[in-house]
Amino acid sequence: DMKVTQMPRYLIKRMGENVLLECGQDMSHETMYWYRQDPGLGLQLIYISYDVDSNSEGDIPKGYRVSRKKREHFSLILDSAKTNQTSVYFCASSFSQGSQNTLYFGAGTRLSVL
Amino acid sequence: GEQVEQRPPHLSVREGDSAVITCTYTDPNSYYFFWYKQEPGASLQLLMKVFSSTEINEGQGFTVLLNKKDKRLSLNLTAAHPGDSAAYFCAVNQGGRALIFGTGTTVSVSP
């Protein structure tokens, strides 16, 4: 079954706390992504990972870092979360970085930073 | 870099009517285009993937048109039904990196 799993689905944190969002995929996809979705802005790319320990900044990487130690697992870390990082975060994966490849999305994590 | 503008942001139609969502892009080298559907509270699901060599693509209950000259991609929901109520996102890829998404269109279909 082709699946991208995100944990947790909902998270409430206080400003300054650390946040860990986890993502897993069971398709052995090389490439994984973290996007955030905000009203009126669509999806914005935070980081892209081409494979284990091969990560690249997206369009809005500031305030985030990522970790990919296994091909099937990609984490997004917020060190000292800020209120403007309240958003819905989507993880996605694709077979490779080729432009024709379909992205498969997880169900999203709704993060509120108070 | 590539920019994608999507219009309208919101669309309300009656059941049985058609609904058209349009995206314009800037990079003439763009050659893969995607439409995703996101139902309320759910993730994004691929609706259709379009290659630049094909101008008209038909799916179940919708048509995707690609006008390369005008750099315009459109999604036409024909005979909309309540199950079409969702957010729709276009996405463009000209090679390498990740998809560039439009800002989304929320479609509401009323009986």
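Quick look at the structure, then.

Conventions we followed
Residues numbered from 1 in each chain as written. Chains lettered and ligands numbered in written order. Predicted model: local features only at pLDDT ≥ 70, side-chain atom pairs only at ≥ 80, totals over all residues. Heavy atoms only, no water. Salt bridge = Lys/Arg side-chain N within 4 Å of Asp/Glu carboxyl O. Buried < 20%, exposed > 50% of the residue type's maximum accessible area, 1.4 Å probe, protein only. Disulfide = S-S within 2.5 Å. Helix = DSSP H or I, 4+ residues; strand = E, 2+ residues; numbered from the N terminus. Contact = heavy atoms within 4.5 Å. Buried area = accessible area lost by both parts, 1.4 Å probe. Polar contact = N/O pair within 3.5 Å; in protein donor to acceptor, adjacent residues only side chain to side chain. Pairing = 2+ DSSP bridges. Axes fitted to C-alpha atoms, helices over the stretch in contact; angles between N-to-C directions.

Residue and element names in this part refer to chain B. A full pass over the atoms with the stated rule returns 8 salt bridges over all chains. For Glu39, the salt bridge goes to Lys37, with nearest N and O atoms at 3.5 Å. With a relative accessible area of 40%, Glu39 lands in the partly exposed category. Residue class for Lys37 comes out buried when judged on its relative accessible area of 15%. Each member of the salt-bridge network shares a partner with another, and the members are Lys69, Asp70 and Arg72.

With that out of the way, let us pick up the state of the cysteines. Residues and elements named next belong to chain A. Applying the stated criterion across every chain yields a total of 2 disulfides over all chains. Paired by a disulfide, Cys23 and Cys91 hold their sulfur atoms 1.9 Å apart. Sign of the S-S torsion, about -75° for the bond between Cys23 and Cys91, identifies this disulfide as left-handed. You can see Cys23 sitting in strand E3 (residues 19-25) and its partner Cys91 sitting in strand E9 (residues 87-94), a full 68 residues away along the chain. What makes Cys23 buried here is its relative accessible area of 1%. Residue Cys91 is classed as buried on the basis of its relative accessible area of 0%.

Each neighbour pair has its own omega, and for Met7(A) with Pro8(A) the value is -10°, a cis peptide bond. A positive phi is found at Ser80(A), a non-glycine position, where the angle reads about 60°. Assignment of secondary structure puts Ser80(A) in the loop between strand E8 (73-78) and E9. Backbone geometry places Lys71(B), a non-glycine residue, at a positive phi of 55°. Mapped onto the secondary structure, Lys71(B) falls in the loop between strand E7 (62-67) and strand E8 (72-77).

Right, let's get into the interface of chain A and chain B. Across the boundary between the two partners, chain A contributes 25 residues, which contact 23 residues of chain B. Carbon and sulfur atoms make up 53% of the surface buried where chain A meets chain B, a total of about 1,700 Å² over both sides. The interface formed by chain A and chain B includes 0 salt bridges. Here chain A is connected to chain B by 5 residue pairs in polar contact (both at pLDDT 80 or more). Elements with a minimum of two residues in the side of chain A that touches chain B: strand E4 (31-38), strand E5 (42-51) and strand E6 (54-57) of chain A.

Okay, the sheet that holds strand E1 (residues 4-7) of chain B next. Residues and elements named next belong to chain B. Spatial strand order, E1-E3-E8-E7-E6: 5 strands in an open sheet with antiparallel pairing. A single partner strand is all that each edge strand has here, and the edge strands are E1 and strand E6 (56-58). Adjacent strand axes in the sheet meet at a mean angle of 15°, parallel and antiparallel pairs treated alike. Relative to E8, strand E3 (residues 19-25) runs antiparallel, the two being bridged by 6 bridges. Looking at E8, one finds that Val20 is bridged to Asn76.

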